[in-house]
Amino acid sequence: MTSKRHTRIVQSGRRSHDWWGLVNPPICHGSTILFPDVAELEEATAHPFGRTFYGRMGTPTNFCFEEAVADLYRDEKNDATFAVATSSGLAAATIALTAYLKQGDEVLMADPVYGATRRFADVFLTSYGVTVTYFDPAQPLDDLINERVKVIFMESPGSLTFEVQDVPGVVSLARRHDIITVLDNTWATGLYFNPLALGVDIAVESATKYIVGHADAMLGVMVCGDESMARHLRRAAMLRGDAVSAERCYLGQRGIRTLPLRLRHHQTNAMTLATWLEKQPQVKRVCHPGLSSFKPFHELWKRDFRGASGLFALELMPCERSSVHKMLNGLHHFGIGYSWGGYESLILPVEPAKERTVTDWKDTGIMVRIHAGLEDVQDLMDDLRQGMALLKSC
Ligand SMILES: *Cc1c(COP(=O)(O)O)cnc(C)c1O
């Protein structure tokens, strides 16, 4: 029987009948898998994926998580989707990249890509003879295409600055030149944006963020709509030694069950704060794809996305940096720390100019990134109001 997305999110991958009826799968520990005889060992060795074979390739808890994520990306166009768990979001991005790049190749990367993905490309990919070329996410890529380009790596919206990309445009260009497309979909998750439905080959997510959703585990995932590609990605993860613990996969699959509820509330709180912040005299502009003022990216977001999550940034009017620190230190309801996607609100000063080589961020004021958590939004707003009163203009 076919079922709608939210029903599948509740049911996918649990296989309760295999676990004595338990609602959630047990955390299956395992390295060695026993086979009844040599013939079955040899058969399993010839087809090591898609079953328990050796701990590095996952246990049934991992498969449960992977099945639930794959289902998140299923739609009318992709009725078969495949997910491979990785030990972190960064591992998902880097394994997907290395799976399809070799010496002499070139990769095109969105300029606002997550900082550590960028450092991996600059440090590792270049030292292995891969050319890394960054592109402005607001510009067409046609002029950058040549026969050495094998992968285009997008992140939409981009980290820190939230530019939404014209994904169908990039995909149609890539298809014409047999280029693999990868998209970091951490911000929206498969729930609010499905890159596979727009023709992207591989979606990667830091499940550490919204899927785990409680700031208590590192986890990543690579998703695609092609079985042989999925096998290639799994082999790449396995050969890189990227073994994911069943505990983390347990937390990932548990997080998914409430993802729609949590994301809807993150969305509401973030939109409320962003809309209010936009009107404050201390704020120059707010970078949030859901705001109609965020041009030209809002239109692309409206066209392609099903919703917005809780993360956005704002640029302050010129003010003393020390007073910004005083504001952040004095907030009661916003934690200061890296990562995001948990149930709690966070705030962080960010400096995109340091991580851009193509897009120009030099003339901007001090930027602050906010993760709107699940608290009462009035408390969050009151807190920001008293904090911003401390800003000293300059
Ligand atoms: C956090 C993040 C990552 C890295 O994920 P980890 O799970 O922390 O390794 C990758 N991409 C984006 C957009 C992120 O925000």
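Residues numbered from 1 in each chain as written. Predicted model: local features only at pLDDT ≥ 70, side-chain atom pairs only at ≥ 80, totals over all residues. Heavy atoms only, no water.

J.: Tell me about the side chain of Arg14, and please be specific about residues and values.
T.: Mapping Arg14 onto the fold places it in the loop between helix 1 (5-11) and helix 2 (38-46). Comment: no salt bridge for buried Arg14; closest opposite-charge side chain is Glu67, at 10 Å. The residues touching Arg14, leaving out its near neighbours within four places in the chain, are Trp19, Val23, Cys64 and Arg257. (Helix = DSSP H or I, 4+ residues; strand = E, 2+ residues; numbered from the N terminus. Buried < 20%, exposed > 50% of the residue type's maximum accessible area, 1.4 Å probe, protein only. Lys, Arg positive; Asp, Glu negative; His and termini not counted. Salt bridge = Lys/Arg side-chain N within 4 Å of Asp/Glu carboxyl O. Contact = heavy atoms within 4.5 Å.)

J.: Any chance you could break down the packing of helix 9 (residues 246-257) against helix 10 (residues 259-278) for me, citing the residues and the numbers?
T.: When two helices pack together, their arrangement is given by the angle between the helix axes and by the axis-to-axis distance. Direction vectors running N to C along helix 9 and helix 10 enclose 65°, while the axes themselves pass 5 Å from each other. Between helix 9 and helix 10, the angle is such that the two are roughly perpendicular. Touching Gly255, Ile256 and Arg257 of helix 9 are Leu259, Pro260 and Arg262, all from helix 10. Here the contact of helix 9 with helix 10 is composed, by residue class, of three nonpolar, one polar and two charged. (Axes fitted to C-alpha atoms, helices over the stretch in contact; angles between N-to-C directions. Parallel < 35°, antiparallel > 145°, perpendicular 65-115°, else oblique. Nonpolar A, V, L, I, M, F, W, Y, C, P; charged D, E, K, R; others polar.)

J.: Outline the site of the ligand, supporting the account with residue identities and numerical values.
T.: Gly89, Asp184, Ser206, Thr208 and Lys209 are the nearest of the 13 residues found near the ligand. Within the side chain of Asp184, an N or O atom sits 2.6 Å from a nitrogen atom of the ligand. Between an oxygen atom of the ligand and a side-chain N or O atom of Ser206, the distance comes to 2.8 Å. Here the ligand, which alone exposes 380 Å², has 92% of that area covered by the protein. (Near = heavy atom within 4 Å. Polar contact = N/O pair within 3.5 Å; in protein donor to acceptor, adjacent residues only side chain to side chain. Areas by Shrake-Rupley, 256 points an atom, 1.4 Å probe, with all protein chains shown as cover.)

J.: Tell me what's going on with helix 10, and back it up with residues and numbers.
T.: Relative to the 28 Å expected for 20 residues at 1.5 Å per residue, helix 10 spans 28 Å between its end C-alpha atoms, a close match to the ideal helical length. For helix 10, every residue scored as buried is listed here: Leu259, Pro260, Arg262, Leu263, His266, Asn269, Ala270, Leu273, Ala274, Trp276 and Leu277. (Expected span 1.5 Å × (residues − 1).)

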